[in-house]
Amino acid sequence: MSIVLACDLGGTSFRAALVDDTGIIRAQHAIAGPPSHDDRSGASDIEPDAWWSLLIEACAGLAAGAPGLFEAVEAVAICGVTRTQIVLGRTDRPLRPAMTWKDTRADVLAARLRERFDPAHPESAAVNAFHPLARLAWLREEEPEVFGGLAGLLEPKDYLNLRLTGRSASDPVSMARLLAAAAPHKGRDLLEAIGIPASILPDMLEPWEQVGTVQPGLPVPLDRLAGKPVFCASNDTWAAVVGLGAMREGFAYNISGTTEVLGV
């Protein structure tokens with residue numbers, strides 16, 4: 001039997017499951033949190049390593065409840081929330097807490113950026129408080145020491161893949177807004193316009209491509225997954241749409257959770 005360790009880093013909980021090759025969930029474990037630290041300034045932060053701790057805890061629950069199935073895991077795939085940025089330094093360690101999907105601190109700055117950008121650039125009008133470009137610009141103004149150490153930017157599921165494999169990578173669905181900002185228009189892109197190097201972009205993989213294999217020496221029970229392939233996956237919404245079977249012409253979907261998403 002082929003078993004995949006499938007995880008969902010959600011907005012209010014972390015869920016992990018052991019799924020067989022027919023798509024049946026054979027075991028699952030869910031943990032609430034981690035809670036975000038919010039304040040009246042619009043800040044909404046979560047320590048990235050809190051998600052790593054939840055991954056370890058969820059896997060420990062699966063290994064204890066279904067040891068035989070956990071030993072049979074052949075691959076790992078993690079989907080997760082989007083519009084959440086983890087700022088990495090040159091050693092691939094976070095320089096500050098992650099700015100979550102709720103963070104609105106860059107709202108005023110985003111309006112200034114829209115006025116400054118070339119309105120003909122396809123991404124200019126999309127720059128708002130939740131856009132990674134506005135948040136990077138906010139870091140440059142409000143946390144210059146952090147911005148000075150900026151070497152990479154990842155979303156939460158990509159950070160867990162980095163911790164598992166040692167490779168910094170993402171997918172073009174989760175990174176769509178940043179990739180759109182980095183796309184040149186008339187010879188210039190929006191990253192360049194505000195002095196952010198394109199080198200912060202991680203390797204881009206399709207959701208079904210392999211990031212790498214689980215490194216040896218990780219905490220129990222992740223050490224039992226050493227050598228197993230880790231796949232890139234994508235954000236939670238798109239993963240859910242695929243799982244629902246709605247990625248077909250003429251199908252619609254409505255996903256209700258921390259947020260509600262409608263699509264055709």
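See the structure shown above.
So, here's what we can say about the structure. (Residues numbered from 1 in each chain as written. Predicted model: local features only at pLDDT ≥ 70, side-chain atom pairs only at ≥ 80, totals over all residues. Heavy atoms only, no water.)

### Overview of the packing of helix α3 (residues 107-116) against helix α4 (residues 132-142)
Between two packed helices, what matters for the description is the angle formed by their axes and the separation of those axes. The N-to-C vectors of α3 and α4 enclose an angle of 110°; their axes lie 9 Å apart at closest approach. The angle between the axes of α3 and α4 places the two elements in the roughly perpendicular class. Between α3, through Leu109, Ala110, Arg112, Leu113 and Arg116, and α4, the contact on the second element is made entirely by Leu133, Ala134, Ala137, Trp138, Arg140 and Glu141. For the contact of α3 with α4, a count of residues per class yields seven nonpolar, no polar and four charged. (Axes fitted to C-alpha atoms, helices over the stretch in contact; angles between N-to-C directions. Helix = DSSP H or I, 4+ residues; strand = E, 2+ residues; numbered from the N terminus. Parallel < 35°, antiparallel > 145°, perpendicular 65-115°, else oblique. Contact = heavy atoms within 4.5 Å. Nonpolar A, V, L, I, M, F, W, Y, C, P; charged D, E, K, R; others polar.)

### Examining the environment of Ala226
Summarising the element assignment, Ala226 is placed in the loop between β12 (210-213) and β13 (229-231). In the structure, Ala226 is positioned 61 residues away from Thr165 in sequence and 9.4 Å away in space, judged by C-alpha atoms. Those residues in contact with Ala226 that sit more than four places away from it in its chain are Val214, Gln215 and Pro216.

### Some details on the sheet that holds strand β5 (residues 44-46)
The strand order β4-β5-β8 describes an open sheet built from three strands, whose pairing is antiparallel. Here the strands that pair on one side only, and so sit at the sheet edges, are β4 (37-38) and β8 (98-99). (Pairing = 2+ DSSP bridges.)

### Overview of α3
Because each turn of an α-helix spans 3.6 residues, side chains separated by three or four positions in sequence point in the same direction. Buried within α3 are the following residues: Leu109, Ala110 and Leu113. Viewed end-on, α3 has its buried residues packed into an arc of 100°, placing them on one side of the element. For α3, the exposed residues lying more than 90 degrees away from the buried face are Val108 and Glu115. (Buried < 20%, exposed > 50% of the residue type's maximum accessible area, 1.4 Å probe, protein only. Arc of directions from axis to C-beta.)

### A short note on the environment of Arg224
Looking at the element boundaries, Arg224 is found in the loop between β12 and β13. Linking Arg224 and Ala63, residues 161 residues apart in sequence, is a C-alpha distance of 9.7 Å. The contact partners of Arg224, leaving out residues within four places of it in the chain, are Ala63, Pro67, Phe70 and Glu71.

### Re helix α6 (residues 156-165)
Counting buried residues along α6, nine of its 10 residues qualify, which places the element largely inside the surrounding structure. Within the span of α6, buried status applies to Pro156, Lys157, Asp158, Tyr159, Leu160, Asn161, Leu162, Leu164 and Thr165. Remark: Gly166 follows α6 within two positions and exhibits a positive phi of approximately 85°.

### Considering the pairing of strand β1 (residues 3-9)
Most of β1 is tucked away: five of the seven residues are buried. Here seven bridges tie β1 to strand β6 (residues 73-80), and the two strands are oriented parallel to one another. Its bridge partner lying in β6, Cys7 is registered against Ile78. Where β1 meets strand β2 (residues 13-20), seven bridges bridge the pair, whose relative direction is antiparallel. Within β2, the position partnered with Leu9 by the bridge is Phe14. In this structure, the hairpin formed by β1 and β2 is closed by a connection of three residues.

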